[in-house]
Amino acid sequence: MSNEILDFIKEAVRLSRENVISGDGGPFGAVIVKEGKIIASGTNKVTSKNDPTAHAEIEAVRSACSSLNTFNLSGCEIYSSCEPCPMCLSAIYWARLDKIYFANTKNDAAEINFDDNFIYEEISKPLHKRKIPILKIDHDDAKKVFEEWIKKEERINY
């Protein structure tokens with residue numbers, strides 16, 4: 001493993017420790033790197049922002065997209081103090097990051113009461129067997145909006 005990779009992981013871990021000390025959120029930090037330089041960072045701000053989506057990786061993705069003025073982070077890598085949760089992993093895929101590096105595992109996180117296993121289990125269940133009821137409502141106009149979107153020539157695909 002290169003010294004550069006270790007340096008970026010060390011920075012993500014440093015941010016996670018700083019976040020624990022500041023009390024701004026959970027023990028998680030992340031940095032996004034492009035062409036060997038950190039372009040964005042994030043720490044967990046769930047409790048300080050009262051936002052359950054304010055995980056370190058999400059905060060870093062938002063910052064990187066803002067800095068680069070794009071929704072596509074191809075050519076970038078993310079370094080996280082912990083294995084991304086299902087939400088963060090999804091955001092990383094949507095942002096099209098090239099690679100994920102992490103330090104602590106999801107099992108390490110579960111040991112300190114950050115257990116996302118129930119989400120992985122829920123995702124694999126049929127809709128009617130999930131803990132939160134999920135109901136499909138038929139609505140013709142909803143389908144029409146999708147049809148309008150696909151016909152729109154000047155749309156920006158993502």
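Heads up: the structure comes first, above all this text.
Since we're looking at a predicted model, the values are computed, not measured. Numbering of residues starts from 1 in every chain and runs along the sequence as written. Residues qualify for local features only when their pLDDT is at least 70, as the model is predicted, and side-chain atom pairs are given and counted only at 80 or more; totals for whole chains, interfaces and linings, by contrast, use all residues. Only hydrogens and water are set aside; all other atoms, that is, all heavy atoms of the structure, feed into the side-chain values.

**Looking at the packing of aromatic side chains**
Next up, step 1: A pair of Phe, Tyr and Trp rings is counted when the ring centres sit within 6.5 Å of each other, with Trp represented by its six-membered ring. The angle between the planes then sorts it: under 30 degrees is stacked, over 60 is edge-to-face, the rest tilted. Inspection of every chain in the model, using the stated rule, returns four aromatic pairs.
Next up, step 2: Arranged with centres 5.0 Å apart and planes meeting at 55 degrees, the rings of phenylalanine 8 and tyrosine 79 form a pair that is tilted. Of this pair, phenylalanine 8 sits in helix α1 (residues 3-22) while tyrosine 79 is found in strand β3 (residues 76-82), placing the two residues 71 residues apart along the sequence. With respect to burial, phenylalanine 8 and tyrosine 79 carry one shared label: buried.
Next up, step 3: Members of the aromatic cluster, joined through ring pairs, are Phe8, Tyr79 and Tyr101.
Next up, step 4: Definition used: whenever NZ (Lys) or CZ (Arg) falls within 6 Å of the ring centre and also within 35 degrees of the ring normal, the charge is taken to sit over that ring. Lysine 106 extends its terminal NZ or CZ atom over the ring of tyrosine 120, reaching a point 4.3 Å from the ring centre. Helix and strand assignments come from DSSP, with helices taken as H or I runs of at least 4 residues and strands as E runs of at least 2, each series counted from the N terminus. Each residue's exposure class comes from its accessible area (1.4 Å probe, protein chains only) as a fraction of the maximum for that residue type: buried when under 20%, exposed when over 50%, partly exposed otherwise.

**Some points on helix α3 (residues 56-68)**
Next up, step 1: A rise of 1.5 Å per residue sets the reference length of α3, with its 13 residues, at 18 Å; its end C-alpha atoms lie 18 Å apart and thus fit the reference within 8%.
Next up, step 2: Buried within α3 are the following residues: Ala56, Glu57, Ile58, Glu59, Ala60, Val61, Ala64 and Cys65.
Next up, step 3: Looking at the packing, one finds that the buried side of α3 touches β1 (29-34), β2 (37-43), α2 (46-49), β3 and α4 (86-95).
Next up, step 4: Following α3 by one or two positions, asparagine 69 adopts a phi angle in the positive range, close to 55 degrees. By this rule the span expected of a helix is its residue count minus one, scaled by 1.5 Å. When checking whether two residues touch, look at their non-hydrogen atoms; a contact exists if any pair is within 4.5 Å.

**Some remarks on the sheet that holds strand β4 (residues 99-104)**
Next up, step 1: By this definition, two strands are paired if DSSP reports at least two bridges between them. Across the sheet, four strands lie side by side as β2-β1-β3-β4; this open sheet has mixed pairing. The sheet terminates laterally at β2 and β4, the two strands that pair on one side only. The average undirected angle you get between the axes of adjacent strands in this sheet is 15 degrees.
Next up, step 2: Relative to β3, β1 runs antiparallel, the two being bridged by five bridges. In the strand pairing of β3, valine 31 is matched with tyrosine 79.
Next up, step 3: Strands β1, β2 and β3 of the sheet are contacted by α3, whose axis makes an angle of about 135 degrees with β2. Under this scheme, a helix contributes an axis fitted over its contacting stretch, all axes are lines through C-alpha atoms, and angles between N-to-C directions fall in the 0 to 180 degree range.

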